[in-house]
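# Chain and residue survey
Read off the chains here:
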Amino acid sequence: MKSKFAVLVFLCFGLIINAQTPPYSTPEIDNKVDALMANMSLDEKLAQIMGTRLRDIMEDGKISLVKCREHIPYGIGHFCQFSSGQELEPEELRDMVREVQNYLMTETRLKIPAIFHEEAITGFATLGATTFPQQIGVGCTWNPDLVKKNTRSTAQSMRAAGATFALSPMLDLSRTAHFNRHQESYGEDAYLTSRMGVAFVQGLQGDDFKTGVAATVKHFAGYGTKNNNSKMLYEEYLMPHEACFKVAGAKSVMPSYGVYKALPVAASPTMLDQVLRRDAGFDGLVVSDYGAINLLLKKYKVAKDSTMAAALALNAGMDIELSSPSMFPKLKEALQQEVVTEELINGAVKRSLIMKAKLGLLDENPVFGKDGDLDFDPPAFRKLAYETACQSIVLLKNNGVLPLKKDVKKIALVGPNAATVHGLLGDYTYQGMRAFWKQSDFDANNPKLITVMDGLQRKLDKSVTLLHERGCDWSAALEAQIDKSGFGDSRIDKLKLLTVKDTPQPDLQNALKIAKESDVIIAVMGENLSLNGEGRWRKGIRLPGEQEAFVEKLIATGKPVVLVMLSGRQEVISKFSDKCAAILQAWFPGEEGGNAVADILLGNVNPSGKLCVSYPRTEEQVEINYQDGDNEALIQYPFGYGLSYTKYEYSDFKMRNKVKIDDERFSVSCKVKNTGFMDGTEVVQLYVSPKNAYSTMKPILLKGFQRVSLKAGEEKTITFKVSPQQLVEYKNNQWIIEAGNYEFKVGASCADIRLKGDINLKGDDLILEKGREVFFTDNRVK
């Protein structure tokens, strides 16, 4: 029976120690910042809560001392996207940072260095740096340990250049492939996104802000959805951010461009004060998305002028305006009009300076970059990019054609993404930012980008003939001639021109000819930078243009077709997928993508990727969430799904049938055995379903997972140590764990449950006065 009363308790569980991350500041830092602020004018204070671009102080590609004196006479808080806006070799970039910092420390009165920040979801966004797979692909690795290694390498390169702050990771839950920023997410699930986000922040920041790079979690919270439901907001959309605050120690957050309950988040005290600071316990720095404060005036029209836009944002809880000083300079007038207070301004300035102090920028002799020659893409980093790409690729279908057999002597490699680098790169890569925002070409050899054709040519036996023909364009009609003279003047048109300028005209008939002559057809289809990303919307989510018709013509040859999709989203392929021999979803796989795809096709690597999203069957524009239960009409491949070249057998499920609701943890365990003939890695997934008739919990929720590497014939035991806090719900403005019955399930996907058992949480319902502080299972493998 459900208790009529709730016991108010604070549960001291295993991961609470990890959740009690250090506070934003220390007495020593407070004293240093307070002493600095006591001597600051209002102009100098406002300068510390604004960002600008290097281009504003440059002339003819060089830093201009005259422009520095004009544009930043009082100093500046941040230089925004400082490296992706330039085309500089690592040493040149570092030297430019040093030149600007030298001006700030020798010519401004207070001698306060600036924070140089950059994007980092696929690595340091700068010329020559390692380009990792896009984040949606990384989500399919289900490998937080690898994420942590990747971001540690990113931090090393950023610090070497003099950068100390990243506008990453992106923690939005994306439940529709129609969302143009879908590719930047870790998928649709809060638990998986939280695990990956925590690993990202831990790797980037390291053990010390003075040697690491400060992470900025974004976009707070619920961006990309129209959710106004507080239960969904707190339980789902807030969770990745809150876990990064409490477990990983993230101290910077970026609010979204979105709206919650009719008010833009950038001007919402509910979101930036109540939810963020009071409820989630965040004590750090809040930085605006680029131009977000301006949108309060220009788009949302909740402010009558620039002064009021600045006041609304500051009053709501925004600390710093990025990327240009357009609204916050008006805080002077807002102070005179008494719509903001000096106390509010001082609070924002103090938080800005505390971050600089944490990063070592206020030390007596701050260090800007690393001396000597710099290499942002050393072999160790490329190896991480390769491993990530391999683990991100999801095998959706295989009739036995893969791995390719030794009797395959002639391969037709076709499709618009077969031999181009433009299908390897996601948005917010250095290359993607240069191409879209700057309409500038990029060097495919710095870092070296490996196409699918490159990978196959390197790895195929010399006895195998590889024939190549594009066959079709990304989005043009079949057999159309592509006009390379130009597509128009829009940003999208210029980007399209960049993607095709060095590619041959597609020849459909030749593609079909070599397909008929070959033993197997590898069709590399999908998207490119012009078809997916911020500011780029497609009308549908099938294969673009007439790629679908091209695949159907390939199928009609009667030869086995292996469909490889390079894209930033799931593509609806239900019309013809049953006729393909095999299907690989490879996402935007980064610089080593071609090698990774080739090794999986050839069996040098056993695929282990599992979907971090539900794969849609139709183009219906609805949010798909596996947690809602049976959605077979909408879903072709379920969340957590992914095939292997071997088989795994699950057995020996163990779990007590009852535990106390205030127990620290309880165990759920099982054995997994590789029953095939190839070594492999299985992602073992733990789900929970409520059994109480009155429960408001979703029908099925991910509560744990573990990658397990198994040699052929090997068996291991996986134990999930579950905390009752993981069953908490947000109801009536409080966090409550409900006593009663739950079913725990272990499976290979949310729809492929291999083992399950019931457990009863005994006792009175528990209210967590301080909110949730245990987010994850504690796993053991032996």
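This text goes with the structure placed above it.
Residues numbered from 1 in each chain as written. Predicted model: local features only at pLDDT ≥ 70, side-chain atom pairs only at ≥ 80, totals over all residues. Heavy atoms only, no water.

### As for the overall build of the protein
Going by this rule: Put simply, DSSP marks the helices as runs of H or I at least four residues long and the strands as runs of E at least two long, and each gets a number from the N terminus on. C-alpha atoms define the radius of gyration in this analysis, and the globule rule sets the expected value at 2.2 Å times the number of residues to the power 0.38. Any two residues whose heavy atoms approach within 4.5 Å at even a single point are treated as in contact. Computed with a 1.4 Å probe, the accessible areas rest on the Shrake-Rupley method; for each residue, only the protein chains presented here act as cover. Neither His nor the chain termini are counted; the positive set is Lys and Arg, and the negative set is Asp and Glu. To locate a charge, take NZ of a lysine, CZ of an arginine, CG of an aspartate or CD of a glutamate.
On a plain count of helices and strands, the protein comes out with 22 helices and 32 strands. Its C-alpha atoms give the protein a radius of gyration of 27 Å, near enough to 28 Å, the size a compact globule of 782 residues would have. On the principal axes, the C-alpha backbone points of the protein span a range of 80 × 75 × 50 Å. The contacts of the protein with a sequence gap of at least 6 include a subset with a gap of at least 24, amounting to 80%. Carbon together with sulfur atoms contributes 47% to the accessible area of the protein, which is approximately 28300 Å² in total. Between the averaged position of the 96 positive side-chain charges in the protein and that of its 97 negative side-chain charges there is a distance of 4 Å.

### Comments concerning the sheet that holds strand 30 (residues 753-762)
Our working definition: Two strands pair under a simple rule: DSSP has to find at least two bridges between them. Interaxial angle, 0 to 180 degrees, is taken between N-to-C directions of lines fitted to C-alpha atoms, where a helix line uses only the stretch in contact.
One open sheet accounts for five strands, arranged 22-30-29-24-25; its pairing is mixed. The strands lining the two open edges of the sheet, one partner per strand, are strand 22 (658-660) and strand 25 (701-710). Taking each pair of neighbouring strands and ignoring which way they run, the sheet shows an average axis angle of 25°. In this sheet, strand 30 lies alongside strand 29 (residues 740-747) in antiparallel orientation, the contact comprising eight bridges. Looking at strand 30, one finds that Glu 743 is bridged to Asp 758.

### Quick word on the pairing of strand 6 (residues 115-118)
The side chains of a regular strand alternate between the sheet's two faces. This is how it is decided: Here's how the labels work: a residue is buried when its accessible area is under 20% of the maximum for its type, exposed when over 50%, partly exposed in between, all with a 1.4 Å probe on protein chains only.
Side chains Ile 115 and His 117 project from strand 6 onto one buried face, and the interleaved Phe 116 and Glu 118 project onto a second face that is buried too. In terms of strand pairing, strand 5 (residues 78-79) meets strand 6 through two bridges, oriented parallel. Across the sheet, His 78 pairs through a bridge with Ile 115, a residue of strand 6.

### Examining the packing of aromatic side chains
Keep this limit in mind: Ring geometry is summarised as follows: Phe, Tyr and Trp rings, the Trp one being its six-membered ring, pair when their centres sit within 6.5 Å, and such pairs are stacked at plane angles under 30 degrees, edge-to-face over 60 and tilted between the two. Sitting over a ring, as applied to charges here, requires NZ of Lys or CZ of Arg to be within 6 Å of the ring centre and within 35 degrees of the ring normal.
Here the structure, examined in full by the defined rule, presents 21 aromatic pairs. Geometrically, the ring pair formed by Phe 79 and Phe 116 is stacked, given 5.0 Å between the ring centres and 25° between the ring planes. A residue pair is termed long-range when its members are at least 10 positions apart, and Phe 79 in strand 5 and Phe 116 in strand 6 qualify at 37 residues. Phe 116 carries the same exposure label as Phe 79, and that label is buried. Between Phe 775 and Phe 776, the aromatic rings sit 6.1 Å apart at their centres with planes inclined by 45°, giving tilted as the arrangement. Here Phe 775 and Phe 776 have matching classes, each one buried. Put simply, the rings of Trp 142, Tyr 191, Tyr 626, Phe 639, Tyr 687, Phe 705, Phe 775 and Phe 776 pair up and form one aromatic cluster. Over the ring of Phe 705 we find Arg 195; its NZ or CZ atom is 4.8 Å from the centre of that ring. The ring of Trp 474 carries Arg 470 above its face, with NZ or CZ at 5.4 Å from the centroid.

### Focus: the pairing of strand 9 (residues 252-255)
Residues of strand 9 alternate between two faces, with Ser 252 and Met 254 on one and Val 253 and Pro 255 on the opposite face, all of them buried. One ladder, built from four bridges, connects strand 8 (residues 214-220) with strand 9; its direction is parallel. What sits directly across from Lys 218, in strand 9, is Met 254. Both strand 9 and strand 12 (residues 285-286) contribute to a ladder of two bridges, which runs parallel. Across the sheet, the residue bridging to Val 253 is Val 286, located in strand 12.

### As for the environment of Gly 317
Among the structural elements, Gly 317 can be located in the loop between helix 13 (306-316) and helix 14 (331-336). Separated by 45 residues in sequence, Gly 317 and Leu 272 place their C-alpha atoms 5.3 Å apart. When neighbours within four sequence positions are excluded, Gly 317 is seen to be in contact with Leu 272, Arg 277 and Val 286.

### Examining the nonpolar core
A general trend in soluble globular proteins is that nonpolar side chains are found buried together. Cut-off, in case you're wondering: For this analysis, a nonpolar core means a set of buried residues of the types Ala, Val, Leu, Ile, Met, Phe, Trp, Tyr and Cys, connected via side-chain atoms within 4.5 Å.
Ranked by internal contacts, the top residues of the largest apolar core, which has 206 residues, are Leu 54, Phe 79, Leu 331 and Phe 744. Beyond its immediate chain neighbours, meaning those up to four positions away, Leu 54 contacts Ile 63, Phe 79, Phe 82, Gln 86, Met 96, Val 100 and Phe 116. Core analysis: the second largest hydrophobic core is formed by 44 residues, Ile 393, Leu 495, Ile 522 and Ala 586 among them.

### Quick look at the pattern of salt bridges
The line we're drawing: Any carboxyl oxygen of Asp or Glu that lies within 4 Å of a side-chain nitrogen of Lys or Arg is treated as forming a salt bridge with it.
Evaluated as defined, the whole model comprises 47 salt bridges. Here Asp 34 ties to Lys 350 by a salt bridge, and the two come within 3.1 Å at their closest N and O atoms. Taken together, the positions of Asp 34 in helix 2 (residues 27-37) and Lys 350 in helix 15 (residues 342-358) put the pair 316 residues apart, joining distant regions of the chain. Residue Lys 350 is classed as partly exposed on the basis of its relative accessible area, which comes to 23%. Here Glu 342 and Lys 45 are joined by a salt bridge, their closest N and O atoms 3.9 Å apart. Of this pair, Glu 342 sits in helix 15 while Lys 45 sits in helix 3 (residues 42-47), and the two are 297 residues apart along the sequence. A relative accessible area of 47% means that Glu 342 is categorised as partly exposed. Through salt bridges with shared partners, a single ionic network connects Arg 542, Glu 548, Glu 552, Lys 575 and Glu 619.

### Some remarks on the sheet that holds strand 23 (residues 666-674)
The strand order across the open sheet built from four strands is 21-23-26-32, with neighbouring strands paired in antiparallel fashion. Only two strands of the sheet have a single neighbouring strand rather than two, namely strand 21 (648-655) and strand 32 (778-781). Across the sheet, the mean angle separating the axes of adjacent strands is 20° when strand polarity is ignored. Sheet analysis places strand 23 next to strand 26 (residues 715-722), joined by eight bridges and oriented antiparallel.

### Thoughts on the packing of helix 18 (residues 452-459) against helix 22 (residues 593-602)
Test applied: Note on terminology: angles under 35 degrees are roughly parallel, angles over 145 are roughly antiparallel, angles of 65 to 115 are roughly perpendicular, and the others are oblique. The sense of a crossing depends on the near helix, which, turned anticlockwise from the far helix by less than a right angle, makes the crossing left-handed and, turned clockwise, makes it right-handed. For this classification, the nonpolar set comprises Ala, Val, Leu, Ile, Met, Phe, Trp, Tyr, Cys and Pro, the charged set comprises Asp, Glu, Lys and Arg, and every other residue, Gly included, is treated as polar.
With their axes 7 Å apart at the nearest point, helix 18 and helix 22 run at an angle of 55° to one another. In terms of axis orientation, helix 18 runs oblique to helix 22. Judged by the sense of rotation from one axis to the other, the crossing of helix 18 with helix 22 is right-handed. Only Gly 594, Asn 595, Val 597, Ala 598, Asp 599, Leu 601 and Leu 602 of helix 22 make contact with helix 18, whose side of the interface consists of Val 452, Gly 455, Leu 456, Arg 458 and Lys 459. Partitioning the contact of helix 18 with helix 22 into residue classes produces six nonpolar, three polar and three charged.

### Some points on helix 5 (residues 90-107)
As a reminder, the rule being used: Multiply 1.5 Å by the residue count of a helix minus one, and that product is the helix's expected span.
Over its 18 residues, helix 5 runs 26 Å from end to end, which matches the ideal 26 Å to within 8%, given 1.5 Å per residue. Burial in helix 5 covers these residues: Pro 90, Leu 93, Arg 94, Met 96, Val 97, Val 100, Gln 101, Tyr 103 and Leu 104. The inward-facing, buried residues of helix 5 contact strand 3 (58-59), strand 4 (62-63), helix 4 (65-71), strand 5, strand 6 and helix 7 (144-161).

### Description of helix 2
Heads up, the condition is: Picture the helix axis, draw a direction to every C-beta atom, and the arc is the one those directions span.
Restricting attention to buried positions, one finds in helix 2 the residues Ile 29, Val 33, Leu 36 and Met 37. The buried residues of helix 2 occupy one face: seen down the axis, they fall within an arc of 95°. Facing away from the buried side of helix 2 by over 90 degrees, the exposed positions are Pro 27, Glu 28, Asn 31 and Ala 35. In the core, the buried residues of helix 2 are packed alongside helix 3 and helix 15.

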